[in-house]
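Read off the chains here:
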Amino acid sequence: MSILLKRFSVLPRVPTQVYVTPQRYKGDKVHSGYARLRKIQAKFQVDDGCPVHLKKGISDRILFGVTVFAALTGLFFNFGLYYTLIFPSEKGSDDEG
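Keep in mind that this is a model prediction, so the values were computed, not measured. (Residues numbered from 1 in each chain as written. Predicted model: local features only at pLDDT ≥ 70, side-chain atom pairs only at ≥ 80, totals over all residues. Heavy atoms only, no water.)

Colleague: Any chance you could explain the overall build of the protein here in plain terms?
Modeller: Helices and strands together make up the secondary structure of the protein, namely 3 helices and 0 strands. For the protein, the residues scored as buried account for 3% of the 97 residues in total. Summing over all exposed atoms, the protein offers an accessible surface of approximately 10300 Å²; the carbon and sulfur share of this is 64%. (Helix = DSSP H or I, 4+ residues; strand = E, 2+ residues; numbered from the N terminus. Buried < 20%, exposed > 50% of the residue type's maximum accessible area, 1.4 Å probe, protein only. Areas by Shrake-Rupley, 256 points an atom, 1.4 Å probe, with all protein chains shown as cover.)

What follows is the structure in structure tokens.
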């Protein structure tokens, strides 16, 4: 009987839950990362007539130009494919012998 009591008395302990609350904001001190983010947001919200996808500067303009060029090139090749499928060339047809 004492062996059974020893086995059951050494049950694993259930861990207790720990509740942690985040630190409260105190004072006017703001992390520098948040201040930098606020400046970037203010730059994008200025109503200067420039679209939002071009407001970051020359890098956005270059990427936009590359995207437009790729889209127009794809459109050109697409219409070229349609033309060759609708009006196939007479050369090299396998109908003759």
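Colleague: Looking at this structure, how should I read the packing of aromatic side chains?
Modeller: The description of an aromatic ring pair uses the distance of the two centres, along with the angle that the planes make with each other. Considering all chains together, one arrives at 3 aromatic pairs under this definition. Measuring from centroid to centroid gives 5.2 Å for Y83 and F87, while their planes differ by 55 degrees, and the two rings are tilted. On the accessibility criterion, F87 (52% relative accessible area) is exposed. (Phe/Tyr/Trp six-rings, centres within 6.5 Å; stacked < 30°, edge-to-face > 60°.)

Colleague: Help me out: how do you make sense of the pattern of salt bridges in this one?
Modeller: Taken as a whole, this structure holds 1 salt bridge when the rule is applied. Of the charged contacts in the structure, one is a salt bridge between D48 and K55, with a shortest N-O distance of 3.4 Å. A residue is classified by how much of its surface remains accessible, and K55, at 13% relative accessible area, is buried. (Salt bridge = Lys/Arg side-chain N within 4 Å of Asp/Glu carboxyl O.)

Colleague: Would you take a moment to explain a nonpolar patch on the surface for this structure?
Modeller: On the surface, a cluster of nonpolar side chains totalling about 1200 Å² of accessible area is made up of F64, V68, L72, L75, F79, L81, Y82, Y83, L85, I86 and F87. Judged by relative accessible area, V68 falls into the partly exposed class, the value being 35%. (Patch = residues over 30% accessible without salt bridge, like charges linked within 9 Å, V, L, I, M, F, W, Y side chains within 5 Å.)

Colleague: Explain the side chain of K55 here, please?
Modeller: The topology assignment puts K55 in the loop between α2 (32-44) and α3 (58-86). A polar atom in the side chain of K55 sits 2.3 Å from the backbone oxygen of V46. Contacts of K55, omitting those with residues within four sequence positions, involve K43, F44, Q45, V46, D48, C50 and D60. (Polar contact = N/O pair within 3.5 Å; in protein donor to acceptor, adjacent residues only side chain to side chain. Contact = heavy atoms within 4.5 Å.)

Colleague: Where do I start with the side chain of D60 in this structure?
Modeller: For D60, the location among the structural elements is in helix α3. Within the buried set, D60 has no salt-bridge partner at all; the shortest N-O distance to an opposite charge, 5.9 Å, is to K56. Of note is the side chain of D60, whose polar atom sits 3.1 Å from the backbone nitrogen of K56. (Lys, Arg positive; Asp, Glu negative; His and termini not counted.)

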